[in-house]
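Secondary and tertiary structure notes
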Amino acid sequence: MTTARRMSASVAAPEGVGIEVAEQFADATQQRHAAQLGMWAWLLTELLLFAGLFLCAAVLHVTHPAAVARAARHLKVWIGAANTAVLICSSLTMTGAITASRHGWRRWMLRCLLATAALGTLFLLLKGFEYYQDYLEHMTPFLDRPYALAGEPATRLYIDLYFLTTALHALHLTTGVAILLGMTWIARKPRFLHRHQNWIEVYGLYWHFIDLIWIMVFTLIYVVPR
Amino acid sequence: MSTSERAFRDPAPAPATIGRPPDYLHESHTLRSWFLTTDHKRIALLYLAAITAFFVVGAIAAGLIRLSLVVPNGEIFTNDTYNKIFTVHGVVMVWFFLIPSIPATFGNFLIPLMIGARDLAFPRLNLLSWYIFVGGALFTLADLIIGGVDTGWTFYAPFSTTFSNTYVIPALIGVIIVGFSSILTGLNFVVTIHAMRAPGMTWFRMPIFVWTHYATSLIFLLATPVITIALILLLMERAFGIGVFDPALGGDPVLFEHLFWFYSHPAVYIMVLPGMGVISEIVPAFAQKRIFGYRFIAYATIGLASITFVVWGHHMFVNGIGTGAAVVFSVLSFAVAVPSAVKVYNWTATIYKGRIRLQTPMLYAMGYIGLFVLGGLTGLFLATLAIDEHVHGTYFVVAHFHYIMVGGTMLAFLGGLHFWWPKFTGRLYPEAWGRISAFLIFIGFNVTFFPQFLLGYLGMPRRYHDYPPEFQLLNILSSAGATILAAGYLFPMVYLIWSLWFGERASANPWGARGLEWTTPSPPPAHNFARQPIVDFEPYAYPDPPADDDGAAHVG
Ligand code: HEM
Ligand SMILES: [Cu+2]
């Protein structure tokens, strides 16, 4: 805290940073601890939500290596890689927002939050483009049109899992962007950091986590089985 | 005895009604103050009302099932109707009654009181999870009753995704929604227990009730998302044809069973662990004795919560998992018996040479111990590969899990309800009626479900109402037992509600029990404690039993 205050002195109009203690907590430390722990617990359940899908894909990979490799080679690994880069950048901007919030630099924090939301949206656009490419290449076995790898049933389950996993991730990211925009809207008011700096910290965990999940999706679904 | 110990264990008698600060029930009376409350105690009562309503629905369905089974050849209902009825029963009882029952009501009410906190860590989240629960459950219920679903509570694919002609999709959506309420409750409990304990309330000073809820919450957090994803996959397959389970769509039906049981076996421990916590509070209070082997019970709780994640395969012995895997799952399932038995021995040892008072909660607790042993032992039969080949999919399985879920969890629920009723409401229930209903339930339960072991052993399959005439006698016995059981449930519903207005007023600690929750007035004030408690005593600090055997020594 002291360092933060000292550093903020060099910047124009820094704000006081803190949290409003809710009545069930004894003090701010306890509240911060509880909020962080709560987010970690939520992330744990999210991890298990995806784990089921990863496990299915992994088992399929072990039982039908050739078919899975063929299916995986149809995935657009370059788009996936570009998206990985986009999300890593967004984690960087999110970290920027957290650091700025700790120092009470509200303006910078808002800019970083908007940049994070923009990168998240870019990811979704790229993802949509990728789905469109899949559609053009007849890699959508569940739609009522010919399927490129119809001869091999095991590829079908893999591709279905690919769609389900990436769609679930995209859903998380969409929610994430929505929350981010909502939070930016609230945070534009002066004195936000005075009362709710904690929100930025806790939300940051969630954003990094979505990023991490994507890295797992990319490695486990796109890269490893090729 | 140190000062704070005296202050918190034997609180001064509550001040007279006049001039006493209003308790949580009387603080305000508007509807709004109930439906928008963030007080964990009021939310607990909201849950109590909701799950009681769902229990009644599930029980009516059970009554219809037993009615249909009175005659062979399934003459009373059509096959379709019968399938829909047992689906209502299973879905409502498992998902809308048993899973939230003890954690969402007693856990919600008591965890903050027991650890000396003012509320749960996230009170608004707590209210939200009630709304999610009620919303999701009512949605499903409307679907089950107006439309009807015939898959059973297990939603096995590909029947549920491809072949069933009933309204499966809304049911799935509702159950997925209710799952989020479990997750949020579990999250709230875990954080509360980690971060909100009163000064001096170390982990090994927590009552066993809190330990079991901690373990249950971990299962909520780790297992519920797996059922969520499994049901989402079902939904995607049924609604959009994205094949995951149906072989015709490139899927694998055994995969569903793996995902389903990876959750649903731990879920049976969601149902049973909180009950064990309740029994661990009742038994020492009514034996007036320190609980035997406190640490062993705490470790056994965590042990159960861990082993429970690696035994799901015992539901799939005859469904095409390999012999090697089956043997491993069988051995692991046997291992579950060890921590379960540790608990039973510890309760028994607690009772041994205690100053036993056979009041209603203790009657329920004793019933629990006996029935849980029977249910657990038959679980071991089922975990034995050779026997399971024979009785899988029969009434033997039905009897096994009813011994644990009804004989265990339901008795613990009722025992706990009577034990903490004075704390919840500030009123005592009529003791004589309590004892009568406890006996009725115990007898009715055994008459209903013991014949099902025999039926199953003789080969009567579950989920069919068309059975050969030679099974009729045992089925009639079972249905007759169900009527006794129903009477046993009706009594508490009537006299507990009666006691809200006419029951004797309860003191802060009517049972002479130990634990922080008994140091607050009955009912407690809105913020639980007048000042922050400081804990410098062990849990279950009951006075040591008399050294001689004639029991003449005085209490304390
Ligand atoms: C000693 C511990 C236990 C063991 C070894 C055990 C073993 C088993 C086995 C092997 C089955 C599968 C039988 C079959 O389908 O062929 C089974 C079914 C079942 N058990 Fe247990 N069990 C134990 C405890 C419990 C508990 C504590 C509960 C509930 C609170 C429970 C609830 C169930 C249910 C609901 C089923 C049937 C599920 C279905 O097919 O609908 N069990 N048990
Ligand atoms: Cu099981």
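Conventions we followed
- Residues numbered from 1 in each chain as written.
- Chains lettered and ligands numbered in written order.
- Predicted model: local features only at pLDDT ≥ 70, side-chain atom pairs only at ≥ 80, totals over all residues.
- Heavy atoms only, no water.
- Helix = DSSP H or I, 4+ residues; strand = E, 2+ residues; numbered from the N terminus.
- Contact = heavy atoms within 4.5 Å.
- Near = heavy atom within 4 Å.
- Polar contact = N/O pair within 3.5 Å; in protein donor to acceptor, adjacent residues only side chain to side chain.
- Donors = N, O, S within 2.8 Å, 3.2 Å for Na, K, Ca; no water.
- Buried area = accessible area lost by both parts, 1.4 Å probe.
- Nonpolar A, V, L, I, M, F, W, Y, C, P; charged D, E, K, R; others polar.
- Buried < 20%, exposed > 50% of the residue type's maximum accessible area, 1.4 Å probe, protein only.
- Expected span 1.5 Å × (residues − 1).
- Salt bridge = Lys/Arg side-chain N within 4 Å of Asp/Glu carboxyl O.
- Lys, Arg positive; Asp, Glu negative; His and termini not counted.

1. Examining the environment of I200(A)
All names here are of chain A. On the secondary structure map, I200 appears in helix α7 (residues 192–223). Between the C-alpha atom of I200 and that of T95, which follows or precedes it by 105 residues, the distance is 9.7 Å. When residues no more than four places from it in sequence are discounted, the contact partners of I200 are M94, A97, I98, S101, M109, L113, M183 and F192.

2. Focus on the site of ligand 1
All names here are of chain B. In the vicinity of ligand 1 there are 21 residues, among which D388, H392, H400, F401 and R462 approach most closely. Interatomic distance of 2.5 Å between a side-chain N/O atom of H392 and an oxygen atom of ligand 1. Contributing elements (two or more residues each) for the shell around ligand 1: α9 (253–287), α11 (323–351), α12 (360–383) and α14 (395–425). Per-element accounting of the shell around ligand 1 gives the leading share, five residues, to α14.

3. With respect to the coordination of the iron atom of ligand 1
Residues and elements named next belong to chain B. What the protein offers the iron atom of ligand 1 as a donor is a single atom, H400 (NE2), at 2.1 Å. A separation of 4.4 Å is found between the iron atom of ligand 1 and the copper ion (ligand 2). Positionally, H400 belongs in helix α14.

4. A few points about the coordination of the copper ion (ligand 2)
Taken together, H265(B) (ND1), H314(B) (NE2) and H315(B) (NE2) make up the protein donors of the copper ion (ligand 2), found 1.9 to 2.0 Å from the metal. The sequence motif formed by the donor residues of the copper ion (ligand 2) is H-x48-H-H.

5. Topic: the interface of chain A and chain B
Contacts between the two partners involve 26 residues from chain A, matched on the other side by 34 residues from chain B. The junction of chain A with chain B conceals about 2,600 Å² of combined surface from both sides, 77% of it contributed by carbon and sulfur atoms. Contact with chain B buries surface across chain A, with Q24(A), L48(A) and L164(A) losing the most and accounting together for 21% of the total. Here chain A is connected to chain B by six residue pairs in polar contact (both at pLDDT 80 or more). Elements with a contribution of two residues or more to the side of chain A that touches chain B: α2 (28–63) and α6 (153–187) of chain A. Broken down by element, the side of chain A that touches chain B gets its largest block of residues, 15 residues, from α2(A). Broken down by class, the residue content of the side of chain A that touches chain B amounts to 17 nonpolar, six polar and three charged.

6. Brief notes about the side chain of T161(B)
All names here are of chain B. In this structure, T161 sits in helix α6 (residues 159–163). You can call T161 buried: its relative accessible area is 7%. Every residue in contact with T161, bar those within four places of it in the chain, is listed here: L234, E237, R238 and D246.

7. Observations concerning the environment of L187(B)
All names here are of chain B. Positionally, L187 belongs in helix α7 (residues 168–195). Look at L187 and you get buried, because its relative accessible area is 4%. Considering only alpha carbons, one finds L187 and G251, 64 residues apart in sequence, at a separation of 33 Å.

8. Focus on α7(B)
Here α7(B) contains 28 residues, and its C-alpha end-to-end distance of 41 Å stays within 8% of the 40 Å for a straight helix at 1.5 Å per residue. With 22 of its 28 residues buried, α7(B) lies for the most part within the structure.

9. Looking at the pattern of salt bridges
Residue and element names in this part refer to chain A. Tallying each qualifying case throughout the model produces nine salt bridges over all chains. A salt bridge links R195 to E20; the shortest N-O distance between them is 3.0 Å. Here R195 is found in helix α7, whereas its partner E20 is found in the loop between α1 (2–8) and α2, with 175 residues between them in sequence. Overall, the relative accessible area of 37% leaves R195 in the partly exposed class. A relative accessible area of 44% places E20 in the partly exposed class. For E152, the salt bridge identified is with R70, shortest N-O distance 2.5 Å. A residue pair is termed long-range when its members are at least 10 positions apart, and E152 in the loop between α5 (106–136) and α6 and R70 in helix α3 (residues 65–73) qualify at 82 residues. Three or more residues are tied together by salt bridges with common partners; here these are K76, D134 and E137.

10. Considerations on the side chain of E281(B)
Residue and element names in this part refer to chain B. Inspection of the secondary structure puts E281 in helix α9. Here E281 sits buried without a salt bridge, and the closest side chain of opposite charge, K343, lies 10 Å off (N-O distance). Engagement of the side chain of E281 in a polar contact is seen with the backbone nitrogen of F209, the distance being 3.1 Å. Apart from the residues lying within four places of it in its own chain, the contact partners of E281 are M114, P207, I208, F209, F419, W420 and Y540.

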